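# A look at the structure
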Amino acid sequence: MFEILGRWPEQWTEATKLARQVADSRDSKGLDETAHVVVAGMGGSAIGGDLLRSCTSDTLGVPLVVSRSHLLPAFVSGKTLFIAVSYSGNTEETLSAAALARQAGARVIAVASGGRLAAECRESGEQVICVPSGLPPRQALAFLFLPLLGLLQGLGFLGDQGAAMEETERLLKVLVDRYGPDRPSGKNPAKDLAAVLFERIPVIYGVQDRTDAVALRWRGQFHENSKVWASANVLPELDHNEVTAFGSLPELTRARLHVVFLEDSEDSPRVTRQIELTRDIITPQVAGVTRVRAEGEGRLARLFSLVVLGDFASCYLALLYGVDPLPVPVIENLKRALAEGEE
């Protein structure tokens, strides 16, 4: 897994080339009436859609919805651009949703390394964006995200993303060196974060339309890599409900919960103040609080600076627990059982 993490910059470079190819090859014929975009996927194949939504929340000219289901949102129609994302190409929920989208008249585009999704889309005359195989889906994120960015650029829904992708690539090279196994604790923020989270339950807080997707990513990485419980929520919503729970079960919360706030330079002064007040309320009620700030100039770079930190920290936490971050046998066994039940 650490070898894969060390290849983040190389993966980004390769995925950027693919994104540019997608952007240059697309024509907008028949898409001038597009009313909404749906990104359908599950797990590591869906998080790219969440990051795309966060990255383009105030620039994308059409609504973008991420769907994690074998069913469809009711609004899907001939005016929908439906992007089905499945790294393996065999995710049952995504295959089902793509078939229903096709029946609803939506324009379907697949992002996959192969499998049934690619085959069925080709058979239907639909575009397939092929990505390299051989990675855990959660660590193929650059390939599952950047082609989506390139696609929306090519269709004219976004401006040119070249400078943002290049800045992110430069930053990833710096961060992989900073977080790598050769950098010792005390000088390695990913190792230090894993150490404070050891034997505690990570609670990750992001900000709506800024770092909310990263909070989801971190939660999933702690689940799959570290094999531990983790929670995620977003401001300002959590201050209207979840914040009231910290006064209960003090023997649990004060001993086990560690809250991580994901902060960004684009957070409004109001949100920044809200983070400070929320931190003051919960700090006496939990085992610890950590504030992590995104790095980089552009939003894309800042988002992925946080993504990479979570990737490394979750894998270091796995080592502290004595587990291998790479395999996810529970998920594989469950998928196998579901497939057998449908035969």
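The model shown is predicted, which means the values in this text are computed figures rather than measured ones. (Residues numbered from 1 in each chain as written. Predicted model: local features only at pLDDT ≥ 70, side-chain atom pairs only at ≥ 80, totals over all residues. Heavy atoms only, no water.)

### Things to note about helix 4 (residues 92-103)
The end-to-end C-alpha distance of helix 4, which contains 12 residues, comes to 17 Å, matching closely the 16 Å that a straight helix rising 1.5 Å per residue would cover. Buried within helix 4 we find T94, L95, A97, A98 and A101. Here the buried residues of helix 4 occupy an arc of 165° about the axis, which is enough to place them on one side. Buried residues in helix 4 make contact with strand 1 (36-40), strand 3 (80-86), strand 4 (107-112) and helix 5 (115-123). Of the residues one or two after helix 4, G105 is the one with positive phi, at around 90°. (Helix = DSSP H or I, 4+ residues; strand = E, 2+ residues; numbered from the N terminus. Expected span 1.5 Å × (residues − 1). Buried < 20%, exposed > 50% of the residue type's maximum accessible area, 1.4 Å probe, protein only. Arc of directions from axis to C-beta. Contact = heavy atoms within 4.5 Å.)

### Let's talk about unusual backbone geometry
The omega torsion of the bond from L235 to P236 falls at 5°, within 30 degrees of zero and hence cis. Unusually for a residue other than glycine, D209 sits at a positive phi of about 65°. Its location among the elements puts D209 in the loop between strand 6 (201-207) and helix 9 (212-226). A relative accessible area of 29% means that D209 is categorised as partly exposed. In this structure, L249 takes a positive phi of about 45° despite not being glycine. Following the sequence through the fold, L249 ends up in the loop between strand 7 (231-235) and helix 10 (250-256). Judged by its relative accessible area of 49%, L249 is partly exposed.

### Quick look at the sheet that holds strand 6
Across the sheet, which stays open at both edges, the 4 strands sit in the order 7-6-8-9 with parallel pairing between neighbours. Each of the sheet's edge strands pairs with one partner strand only, and the pair in question is strand 7 and strand 9 (288-293). Each strand axis lies, on average, 20° off the axis of its neighbour in the sheet, ignoring direction. Bridge count between strand 6 and strand 8 (residues 257-263): 5 bridges; the pairing is parallel. Following the sheet pairing, V203 is matched in strand 8 by V259. Set on the sheet, helix 9 makes contact with strand 6, strand 7, strand 8 and strand 9; between it and strand 6 the angle comes to about 165°. (Pairing = 2+ DSSP bridges. Axes fitted to C-alpha atoms, helices over the stretch in contact; angles between N-to-C directions.)

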